[in-house]
Amino acid sequence: MRKIDLIELMRSRRTILDYKEEKVDRDLLVKLFDHAAFAPNHHLKEPWRIKIFEDEARSGFGEKIVDSYIRYGYLNTLSDEKLKKARQKYDRFFKSVPHHALFYMDKEDNGGYLDDENYAAVCAFIQNFQLAAWSEGIGTMWTAKPTLLDEEFIRDIGLSPNKHRLIAVVQIGYPNRIPRNRGRTPIRNSIEWIQTV
């Protein structure tokens, strides 16, 4: 595969919703995470931690997420029958994605500046990973829901709400379909030039 220019890579990357069944080789995933680790992080703390749910673990992980949705009241309007169908639909989705990567970090100052700094570093790591993956023809979808704050969910996946902060779940796999480019708002709309204070 030809080397892709960084700017082209950033502009061509898409969020992938539809994946092929084929798994990504573990050695390749490790290589991509290794590249991602060159994200900026203060004092080289390298705060990123990753749990990857694949194979049979995908269904259990999905069930825990749906349980969290129920605790948050997202599915409260559904009858028992519709809730059962919703669970089946979520299960099909989780099984349709080869890998679900949960990114988290150890808390350092319980939501203070150091945790914010480490959170930003993990987000930079995730973006690096997404770009590195795209350069290999691998798609991703970055998701962040209130579930990541659900203490029961955090315990359900073997972590501690007192010690760990969840940051994102990223779906990973080879794209079945690549969405069209929907463009971006002109960046000039977000810039304020200040020359005197």
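Remember, it's a predicted structure, so these values are computed and weren't measured experimentally.

The rules behind each value
- Residues numbered from 1 in each chain as written.
- Predicted model: local features only at pLDDT ≥ 70, side-chain atom pairs only at ≥ 80, totals over all residues.
- Heavy atoms only, no water.
- Pairing = 2+ DSSP bridges.
- Helix = DSSP H or I, 4+ residues; strand = E, 2+ residues; numbered from the N terminus.
- Axes fitted to C-alpha atoms, helices over the stretch in contact; angles between N-to-C directions.
- Contact = heavy atoms within 4.5 Å.
- Expected span 1.5 Å × (residues − 1).
- Salt bridge = Lys/Arg side-chain N within 4 Å of Asp/Glu carboxyl O.
- Parallel < 35°, antiparallel > 145°, perpendicular 65-115°, else oblique.
- Left-handed = near helix turned anticlockwise from the far one by under 90°.
- Nonpolar A, V, L, I, M, F, W, Y, C, P; charged D, E, K, R; others polar.

Caption draft 1: Structural view of the sheet that holds strand E4 (residues 164-173). Ordered in space as E1-E2-E4-E3, the four strands form an open sheet in which the pairing is antiparallel. Both outer strands of the open sheet, strand E1 (49-54) and strand E3 (139-143), are each paired with one neighbouring strand and no more. For this sheet, the mean inter-axis angle between neighbouring strands, taken without regard to orientation, is 25°. With five bridges connecting them, E3 and E4 associate as antiparallel partners. For Thr143, the partnering residue across the bridge sits in E4 and is Val169. Contacting E1, strand E2 (99-106) and E4, helix H2 (residues 26-36) crosses the sheet at an angle of about 155° to E1. Here helix H5 (residues 113-135) sits on the sheet in contact with E1, E2, E3 and E4, set at roughly 5° to E4.

Caption draft 2: Region of interest: helix H3 (residues 57-71). Its 15 residues give H3 an end-to-end C-alpha distance of 21 Å, which sits within 8% of 21 Å, the value for a rise of 1.5 Å per residue. In this fold, the buried residues of H3 make contact with E1, helix H4 (80-96), E2, helix H6 (151-156) and E4.

Caption draft 3: View of the pattern of salt bridges. What the rule picks out here adds up to nine salt bridges. Across the pair Asp67 and Arg87 runs a salt bridge whose closest N-O atoms are separated by 2.5 Å. Of the two residues, Asp67 sits in helix H3 while Arg87 sits in helix H4, which places them 20 residues apart along the sequence. With its nearest N and O atoms 3.2 Å apart, the salt bridge here joins Lys95 to Asp91. Here the residue Lys95 and the residue Asp91 both occupy positions in helix H4, the gap between them amounting to four residues, near one helical turn.

Caption draft 4: Quick look at the packing of H2 against H5. Running from N to C, H2 and H5 cross one another at 130°; their axes reach a closest spacing of 8 Å. The angle between H2 and H5 falls in the class oblique. Seen along the crossing, H2 lies across H5 with a hand that is right-handed. Counting all contacts with H2, which are made through Leu29, Leu32, Phe33, His35 and Ala36, the residues of H5 involved are Phe125, Asn128, Phe129, Ala132 and Ala133. Taken together, the residues that form the contact of H2 with H5 break down as eight nonpolar, two polar and no charged.

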